[in-house]
Amino acid sequence: MQSKIYLSPPHMSGREEAMIQEAFMTNWIAPVGPHVDMFEKEFADCIGVKDAVAVNSGTAAIHLALLLLDVKRGDRVFCSTLTFVASANPILYQGAEPVFIDSEPDSWNMSPRALKKAFQEAVYEEKLPKAVIVVNLYGQSAKMDEIMSICKQFNVPVIEDAAESLGATFHGKPSGTIGDIGCFSFNGNKIITTSGGGMLISNNPDFIKRTRFLASQARDDAPHYQHSTLGYNYGLSNLLAGVGREQLKVLNDRMEARREIFNYYYNELSTLPGVYFMRELANTQSNRWLTTFYLNDKETNVTVNQLIKQLADENIEARPVWKPLHLQPLFKGAKYYSHGLNTHIAEQLFSGGICLPSGSNLTLSQQDRIISCIRKVFKTSNTSREYLVSVENEL
Ligand SMILES: *Cc1c(COP(=O)(O)O)cnc(C)c1O
């Protein structure tokens, strides 16, 4: 059996351990310390925002963003439906009501048309959302210009879930900086990692101050321990912040590597019948966190499950595209707005979408192994476009 190829494993630069060592030497083994301060500053500079707060997960960053916007029990929050569950879990932490918005075909991200529909109905019901959570899926920015203008029209703030899109740009602007608050993740599978961690960014100094307060147990300004607000223990360890500082230095290399991996897959596989790779919106740059394609079942009878199974048999980890949140048992009964009357883009992408191994440390020979495995499935199931056409002609 050949060695396992993972979907998106950590990729250290080799200098991270020295930073951990440094934290040990200075005994800053705490959720505060110089690495945390520097990581925040360097991160904010890197993506061009005023300030950033390091936290212990991307989920914590999203939760804090909802707290900043005063999302409470019974409030409504709009959220992209095609995403990881962590985008919406914090809505439930607050006892608020998630309303899911479908994807659109160009970006696979939030459909401005569905968003507009959701707003129109919310106006009619006299229950506007307190916030809109927009996800930039697999490193590809949503159509942020249209989404921001719709949200501005209704005066509703936007939280950009940029957990998967660090380094990407939309119309020249770094992903995560377009919404009112940006949230990032440094989980082990993300483009850079601290093993676990996250960042909340904003240009609003009040938001930053409040985030620091809430993320460190909301201690009042008093000589004793006094608390008048519910707080959280969401700080990032100084050890891990050290790792993050070194990872941040190689972000551009990591992004270049992932984009190259995408291009190689694209060149080798995009002519297979029914294979449609996730596109890149004009005037945007995806970080290509994960290479994904959609398999159109009208053009091939190869299925995503077949591909994933064959890859797994050859010790290669591939995954289906996220299951839309409005289909998750956890969110049963939640409101959902589709892209078209009978067009459900996220459901379609889920039924035919696959994520391929895309780690920045993937070698060319590993990638060749993946590509030949996929080709083999197409060959053995005898489903080339020509074959299907010939069958149709015979009928
Ligand atoms: C990874 C991820 C998160 C959560 O980040 P954690 O650091 O794992 O808590 C949130 N949203 C999306 C879209 C993600 O991919």
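Residues numbered from 1 in each chain as written. Predicted model: local features only at pLDDT ≥ 70, side-chain atom pairs only at ≥ 80, totals over all residues. Heavy atoms only, no water.

Asks: Account for the sheet that holds strand S8 (residues 181–185), with residues named and values stated.
Replies: Spatially, eight strands are ordered S1-S9-S8-S5-S4-S2-S3-S14 in an open sheet, and the strand pairing comes out mixed. If you trace the sheet from one side to the other, it starts and ends with strand S1 (51–55) and strand S14 (335–337), each paired once. Ignoring which end each strand starts from, the neighbouring axes of this sheet average 20 degrees apart. With respect to the sheet, helix H6 (residues 144–153) is in contact with strand S4 (131–135) and strand S5 (158–161), its orientation differing from that of S5 by roughly 155 degrees. Against the sheet, helix H7 (residues 205–215) makes contact with S1, S8 and strand S9 (198–202), and its axis sits at roughly 20 degrees relative to S1, the strand it touches most. (Pairing = 2+ DSSP bridges. Helix = DSSP H or I, 4+ residues; strand = E, 2+ residues; numbered from the N terminus. Axes fitted to C-alpha atoms, helices over the stretch in contact; angles between N-to-C directions. Contact = heavy atoms within 4.5 Å.)

Asks: Describe the environment of Glu246, naming the residues involved and giving the relevant values.
Replies: Tracing the backbone through its elements, the reader meets Glu246 in helix H8 (residues 238–249). Once the C-alpha coordinates of Glu246 and Gly353 are considered, the two residues, 107 residues apart in sequence, prove to be 33 Å apart.

Asks: Help me get a handle on the packing of helix H10 (residues 304–313) against helix H12 (residues 364–380), residues and values and all.
Replies: Between H10 and H12, whose axes approach to 10 Å, the crossing angle comes to 130 degrees. When the interaxial angle is binned, H10 and H12 end up oblique. For H10 against H12, the interelement crossing comes out right-handed. Counting all contacts with H10, which are made through Gln306, Leu307, Gln310 and Leu311, the residues of H12 involved are Ile370, Cys373, Ile374, Lys376, Val377 and Phe378. Taken together, the residues of the contact of H10 with H12 sort by class into seven nonpolar, two polar and one charged. (Parallel < 35°, antiparallel > 145°, perpendicular 65-115°, else oblique. Left-handed = near helix turned anticlockwise from the far one by under 90°. Nonpolar A, V, L, I, M, F, W, Y, C, P; charged D, E, K, R; others polar.)

Asks: I'd love a proper account of the side chain of Arg245, names of residues and values included.
Replies: Note on placement: Arg245 falls in helix H8. You can call Arg245 buried: its relative accessible area is 15%. Ignoring sequence-local partners within four residues, the contact set of Arg245 consists of Met19, His35, Met38, Phe39 and Glu42. (Buried < 20%, exposed > 50% of the residue type's maximum accessible area, 1.4 Å probe, protein only.)

Asks: Residues and numbers for the pairing of strand S15 (residues 353–356), please.
Replies: Alternating positions in S15 separate into two faces, Gly353 and Cys355 on one and Ile354 and Leu356 on the other, with burial throughout. Pairing geometry for strand S12 (residues 291–295) and S15, over four bridges, is antiparallel. Looking at S15, one finds that Phe293 is bridged to Ile354. Alignment of strand S13 (residues 319–320) against S15, held across two bridges, turns out to be antiparallel. For Arg319, the partnering residue across the bridge sits in S15 and is Cys355.

Asks: Could you give me a rundown of the pattern of salt bridges, with the residues and numbers involved?
Replies: Under the counting rule described, the total for this entry stands at 22 salt bridges. Close ionic contact of Lys127 with Glu97 constitutes a salt bridge, the shortest N to O distance being 3.8 Å. Residue Lys127 is found in the loop between helix H5 (112–124) and S4, and its partner Glu97 is found in strand S3 (residues 97–101); the two are separated by 30 residues along the sequence. Lys127 gets classed as partly exposed once you look at its relative accessible area, which sits at 30%. Where Lys335 meets Glu121, a salt bridge forms, and the shortest distance between an N and an O atom there is 3.7 Å. Of this pair, Lys335 sits in strand S14 while Glu121 sits in helix H5, and the two are 214 residues apart along the sequence. Using a relative accessible area of 25% as the deciding quantity, one classes Lys335 as partly exposed. Salt bridges linked by common partners bring Arg76, Glu97, Glu121, Glu125, Lys127 and Lys335 together as one network. (Salt bridge = Lys/Arg side-chain N within 4 Å of Asp/Glu carboxyl O.)

Asks: Got a sec to walk through H8? Specific residues and values, please.
Replies: With twelve residues, H8 extends 17 Å from end C-alpha to end C-alpha; this agrees with the ideal 16 Å at 1.5 Å per step. With respect to burial, H8 is a largely interior element, ten of its twelve residues being buried. Tucked inside the fold, the buried residues of H8 contact helix H1 (16–25), helix H2 (34–47) and helix H9 (251–269). Two to three positions downstream of the cap, the backbone nitrogen of Leu239 sits 3.0 Å from a side-chain oxygen, assigning the N-cap of H8 to Ser237. (Expected span 1.5 Å × (residues − 1). Polar contact = N/O pair within 3.5 Å; in protein donor to acceptor, adjacent residues only side chain to side chain.)

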